[in-house]
Amino acid sequence: AGLFRWDAEVSATAVGVTAREGEKGTDFTFGVGLKYDFTRTVSGRLQFQRYNNVGETSTTGQSDINVWSLGLQVRF
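Residues numbered from 1 in each chain as written. Predicted model: local features only at pLDDT ≥ 70, side-chain atom pairs only at ≥ 80, totals over all residues. Heavy atoms only, no water.

A. Region of interest: the pattern of salt bridges. Following the criterion strictly, the structure yields four salt bridges and no others. The salt bridge partner of Lys35 is Asp37, with a shortest N-O separation of 3.7 Å. Residue Asp37 pairs with Arg75 through a salt bridge whose shortest N-O separation is 3.4 Å. A residue pair is termed long-range when its members are at least 10 positions apart, and Asp37 in strand β2 (residues 17-37) and Arg75 in the segment after β4 (63-74) qualify at 38 residues. Take Asp37: its relative accessible area is 42%, and that puts it in the partly exposed class. Look at the salt bridges and you will find they share partners, linking Lys35, Asp37 and Arg75 into a network. (Salt bridge = Lys/Arg side-chain N within 4 Å of Asp/Glu carboxyl O. Helix = DSSP H or I, 4+ residues; strand = E, 2+ residues; numbered from the N terminus. Buried < 20%, exposed > 50% of the residue type's maximum accessible area, 1.4 Å probe, protein only.)

Here's what the structure looks like:
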């Protein structure tokens with residue numbers, strides 16, 4: 001668990017004119033993970049991380065972001 005810093009930007013182009021809007025902020029994040037050792041040198045990981053309230057509702061849109069990751073670790 002902790003804090004993260006985000007920077008969101010949205011842009012649109014119509015009739016050769018581009019409009020941009022951006023926001024920055026800091027919000028709460030949390031995660032959880034599992035690790036399994038297949039052997040002394042090879043292990044696998046499954047992780048979940050959630051980033052809350054990324055963006056600003058009135059300008060860039062706001063959303064929560066969920067990240068799942070699966071990894072393989074080899075130790076030398």
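B. Here's a closer look at the packing of aromatic side chains. Following the criterion strictly, the structure yields five aromatic pairs and no others. Here Phe4 and Tyr51 contribute two aromatic rings whose centre-to-centre distance is 5.0 Å and whose plane-to-plane angle is 75 degrees, an arrangement assigned as edge-to-face. Taken together, the residues Phe4 in strand β1 (residues 2-14) and Tyr51 in strand β3 (residues 42-54) connect sequence positions 47 residues apart. The class for Phe4 is buried, based on a relative accessible area of 13%. Pairing Phe30 with Phe48 gives two aromatic rings, centres 6.4 Å apart and planes at 55 degrees, and the pair type is tilted. Note that Phe30 is positioned in strand β2 and Phe48 in strand β3, a separation of 18 residues in sequence. Residue Phe48 is classed as buried on the basis of its relative accessible area of 14%. (Phe/Tyr/Trp six-rings, centres within 6.5 Å; stacked < 30°, edge-to-face > 60°.)

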